[in-house]
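Working through the structure, step by step
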Amino acid sequence: MKGTYLGEFEEVVLLAVAMLAGEAYGAAITNEIEQQMARSVNLGAVHAALARLEEKGLLTSRLGGATAERGGRSKRFFSVTMAGIKALDTIREIRNRMWNAIPKPA
């Protein structure tokens, strides 16, 4: 397993996979990020991030059944591992601590 440092885009992809709860595949993840962040996302960038997250042990994947709508190709579904959940929890704690440390205007 590689290091567990997450870049911003990797964090967003990991969050989208968690939100899709077992129904996360490339196009669905891309659509979820676009809806949540109101910005366009490149499918190739999502697949690259998914590969990195899987190498880090933060995601696992399985192939679904082949479908006619995809020309007989299978979808690869992603799920967040326990290490991925822990990484997301750690990031949330750090961000919350930093937000709480911002001085309030007088």
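Everything discussed here concerns the structure shown above.
For the structure given in this document, a descriptive report is provided here. (Residues numbered from 1 in each chain as written. Predicted model: local features only at pLDDT ≥ 70, side-chain atom pairs only at ≥ 80, totals over all residues. Heavy atoms only, no water.)

Focus on the overall build of the protein chain
From N to C terminus, the protein chain includes four helices and two strands. For the protein chain, the sequential pattern of α-helices and β-strands runs α-α-α-β-β-α. Along the three orthogonal principal directions, the C-alpha set of the protein chain runs to about 60 × 30 × 20 Å. Taking all 106 residues of the protein chain together, 34% fall into the buried category. Nonlocal contacts in the protein chain, meaning residues at least 24 apart in sequence, comprise 50% of its contacts between residues at least 6 apart. Roughly 6900 Å² of accessible area belongs to the protein chain as shown, and the carbon and sulfur atoms make up 56% of that amount. (Helix = DSSP H or I, 4+ residues; strand = E, 2+ residues; numbered from the N terminus. Buried < 20%, exposed > 50% of the residue type's maximum accessible area, 1.4 Å probe, protein only. Contact = heavy atoms within 4.5 Å. Areas by Shrake-Rupley, 256 points an atom, 1.4 Å probe, with all protein chains shown as cover.)

Digging into the packing of helix 1 (residues 8-20) against helix 2 (residues 26-37)
Orientation of helix 1 relative to helix 2, taken along the N-to-C sense of each, is 105°, at an axis distance of 9 Å. In terms of their interaxial angle, helix 1 and helix 2 are classed as roughly perpendicular. Counted together, Val12, Val13, Ala16, Val17, Met19 and Leu20 of helix 1 and Ala28, Ile29, Glu32, Ile33, Gln36 and Met37 of helix 2 form the full contact between these two elements. When its residues are assigned to classes, the contact of helix 1 with helix 2 shows ten nonpolar, one polar and one charged. (Axes fitted to C-alpha atoms, helices over the stretch in contact; angles between N-to-C directions. Parallel < 35°, antiparallel > 145°, perpendicular 65-115°, else oblique. Nonpolar A, V, L, I, M, F, W, Y, C, P; charged D, E, K, R; others polar.)

Points about unusual backbone geometry
Even without a glycine there, the phi angle at Ala21 is positive, about 40°. Along the polypeptide, Ala21 turns up in the loop between helix 1 and helix 2. You will see that Ala38, though not glycine, has its phi angle at about 50°, which is positive. Secondary-structure assignment places Ala38 in the loop between helix 2 and helix 3 (43-55). A relative accessible area of 71% places Ala38 in the exposed class.

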